[in-house]
Amino acid sequence: MASSFMCDAGISRYLQLKAPHVEGFELVNDENETPRDLLAKAKVLVIGAGGLGCEILKNLAMSGFNDIHVIDMDTIDLSNLNRQFLFRKDDVGKPKAEVAAAFIKRRSPHVSITSHFKRIQEMPEEFYLGFTLIICGLDSIEARRWINALICGLVEEHGFKGFKPIIDGGTEGLRGNARVILPTVNACLDCGLDLYSKKATYPICTIANTPRLPEHCIEWASVLEWPRLFPDKKLDGDDPDHINWVVEKASARAATFNIPGINYSLAQGVVKNIIPAIASTNAIVAAACTNEALKVVTTCNPYLDNYMFYSGLEGVYMFSFPYARNPDCLVCGKKEGSLSLPATTTLEDLITALRESPVFQLKAPTITFGQTSLYFQNPKELEALTRPNLAKSIDDLFESGSTLTVTDPTLTTSLSVTVTFS
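Thresholds, definitions, all that
Positions within a chain are numbered from 1, following the residues in the order the chain's sequence is written. pLDDT decides what is reported in this predicted model: residues at 70 or higher carry local features, side-chain atom pairs at 80 or more are listed and counted, and totals for whole chains, interfaces and linings draw on all residues regardless. The basis for every side-chain value is the complete set of non-hydrogen atoms in the structure, without hydrogens or water. Each axis is a line fitted through C-alpha atoms, taken for helices only over the stretch in contact, and angles between the N-to-C directions span 0 to 180 degrees. Only DSSP runs of H or I with at least four residues qualify as helices, and only runs of E with at least two residues qualify as strands; both kinds are numbered from the N terminus onward. When the near helix sits turned anticlockwise from the far one by under a right angle, the crossing is termed left-handed; a clockwise turn instead gives a right-handed crossing. In this description, contact between two residues means that some pair of their heavy atoms is separated by no more than 4.5 Å. Three classes are used: nonpolar for Ala, Val, Leu, Ile, Met, Phe, Trp, Tyr, Cys and Pro, charged for Asp, Glu, Lys and Arg, and polar for all others, with Gly counted as polar. Any residue with an atom within 4 Å of a point lines the site, the site being either a cavity, points on a 1 Å grid over the protein atoms alone where a 1.4 Å probe fits but cannot get out, or a pocket, an open set with protein on both sides within 12 Å along at least 5 of 7 lines. Grid points are joined across faces, edges and corners, and a volume is the space filled by probe spheres set on the points. We define the nonpolar core as a collection of buried residues of types Ala, Val, Leu, Ile, Met, Phe, Trp, Tyr and Cys that are connected through side-chain atoms lying within 4.5 Å of one another. Throughout, exposure labels follow a simple rule: accessible area from a 1.4 Å probe, protein chains only, divided by the maximum for the residue type, with under 20% read as buried, over 50% as exposed, and the rest as partly exposed. Pairs of N or O atoms are called polar contacts if they sit within 3.5 Å, as long as, within protein, a hydrogen donor faces a hydrogen acceptor (for residues adjacent in sequence, only side-chain-to-side-chain pairs).

J.: I would appreciate a short explanation of the packing of helix α8 (residues 214-229) against helix α9 (residues 240-256) in the present structure.
T.: Helix packing geometry: the angle between the two helix axes and the distance between the axes. Closest axis-to-axis distance for the α8/α9 pair is 9 Å, and the angle between their directions is 115°. Like other packed secondary-structure pairs, α8 and α9 cross with a definite hand, here right-handed. For the pair α8 and α9, contact is made by C217, I218, W220, A221, S222, E225, W226 and L229 and by H242, W245, V246, K249, A250, R253 and A254, respectively. Considering only residue class, the contact of α8 with α9 consists of 10 nonpolar, 2 polar and 3 charged.

Okay, here's the thing in structure tokens:
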């Protein structure tokens, strides 16, 4: 506890630094608030309490932030313990957000920290409107896109009241990045979708007929066998029974082709598309995120404009640059896009194009044309009712140049997609 107060004292002294050769000067804003005042009243939301989130929470508590909330839907797994240092073996199976908050509270009892064991989509708009700043330590592009779209929407709906700067951090092995997003002012996350790695995919013919890697066998079990045997049940990468089933089936197939290396950790990694994490990379990126949070909240120094990239793959390399806002962005731009496809393209192939397009990168699009429901992902009744349309060619469903309305779990609002026949 003593060290945390010493950290607070150091931060306070830093925020009181005066400009040289200017007597009696102290930085204040239009409401006569000093940087220390702004830090004291800041309310920060941390999304994600994993490898990056644990580091961010610790740094915030040590940097003078007094009101912190953390939200995470996951529970602690044994494999988390090598880098998510707020957790212990006895915590396995418990909610990450709750355990992380309790640890920070024990370490820094002067900090008010509130946990939320929920999905970010479960929280109402009013919840997000109450924060000064949002820091994302997520390993899911879908979740990052959702919160990015939500906050951009809040600005459009509520004006300055909805303006919540987002500091987004991410790591992948020995590489990492941090960015400062000022919604509707600079580039949002969707403006730079092409910066993010896509999930590794394997040809179906290889998976089905000539597997050469343990990943091929795991994909065979999870992508081909599971839907065949359990058509009405979704494979859950966090369910040990499901992953053990995948390990068993994949191991049997691997034995047939003399492929070693199948284990629980690899199977879960393939099913969930888990990116290898290194604790020290998390620490570097979390430090950058926290420093930017301090600067954005207190205005004590210029903040990042607006993207920082770190690589430790060959030596140490780091640079920052202003990522340009995309005027055609689906979230902060014109909220519409276009596709050019052959008239004989099926609706199912159109949906695949929306998933694989670097512009859209949608997860599970639902499509309507005017008052006509072309395909619904949910609920099951509507999915079954619209499923026959998947096999139809698009020229049987609408004319060239038609504008479709598309919704997706990665977005909080619908977007317009104009389809022309090539």
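J.: Even after reading the chapter, I still don't get the layout of surface pockets, so can you show me in this structure?
T.: Sizing a probe to match a water molecule and rolling it over the atoms shows the empty space that remains. For the second largest pocket, the calculated volume is near 530 Å³. What lines the second largest pocket is a set of 17 residues, among which T132, F160, F163, P165 and V296 lie closest to the centre. The set of elements that each furnish at least two residues to the lining of the second largest pocket consists of α2 (35-41) and α11 (279-298). Residues belonging to the lining of the second largest pocket are distributed by class as follows: 11 nonpolar, 3 polar and 3 charged.

J.: Is there a simple way to explain the nonpolar core in this structure?
T.: Among soluble globular proteins, nonpolar side chains are generally buried collectively. By size, the foremost hydrophobic cluster in this structure holds 55 residues, and its most contacted members are I47, Y128, I147, L350, L354 and I367. Considering each element in turn, this core owes the most residues, 8 residues, to helix α6 (residues 141-158). When residues no more than four places from it in sequence are discounted, the contact partners of I367 are L347, L350, I351, L354, S373, L374, Y375, L404, T405 and V406. Judged by nonpolar contacts, the second largest core, of 42 residues, contains A49, L60, I135 and M308.

J.: Just to check I follow, could you spell out the side chain of S393 for this structure?
T.: Secondary-structure assignment places S393 in the loop between α13 (380-386) and β12 (402-407). Judged by its relative accessible area of 16%, S393 falls in the buried class. Engagement of the side chain of S393 in a polar contact is seen with the side chain of D395, the distance being 2.5 Å. Those residues within four positions of S393 in sequence are excluded, and the remaining contacts are A343, T344, T345 and T346.

J.: In this structure, what is going on with empty space enclosed by the protein? I would like to understand it.
T.: On inspection of all chains with the given rule, the structure shows 2 cavities of 30 Å³ or more. The space that makes up the largest cavity amounts to roughly 80 Å³. What lines the largest cavity is simply A149, G153, E156, L330, V331, K335, L411, T412, T413, S414 and L415. In terms of residue count, α6 provides more of the lining of the largest cavity than any other element does, 3 residues in total. Its residues assigned to classes, the lining of the largest cavity comprises 5 nonpolar, 4 polar and 2 charged. Roughly 30 Å³ of volume is contained in the second largest cavity. Lining the second largest cavity we find C136, R144, I147, N148, I166, D168, I181 and L189. Within the residue set of the lining of the second largest cavity, elements represented by two or more residues are α6 and β5 (166-172).

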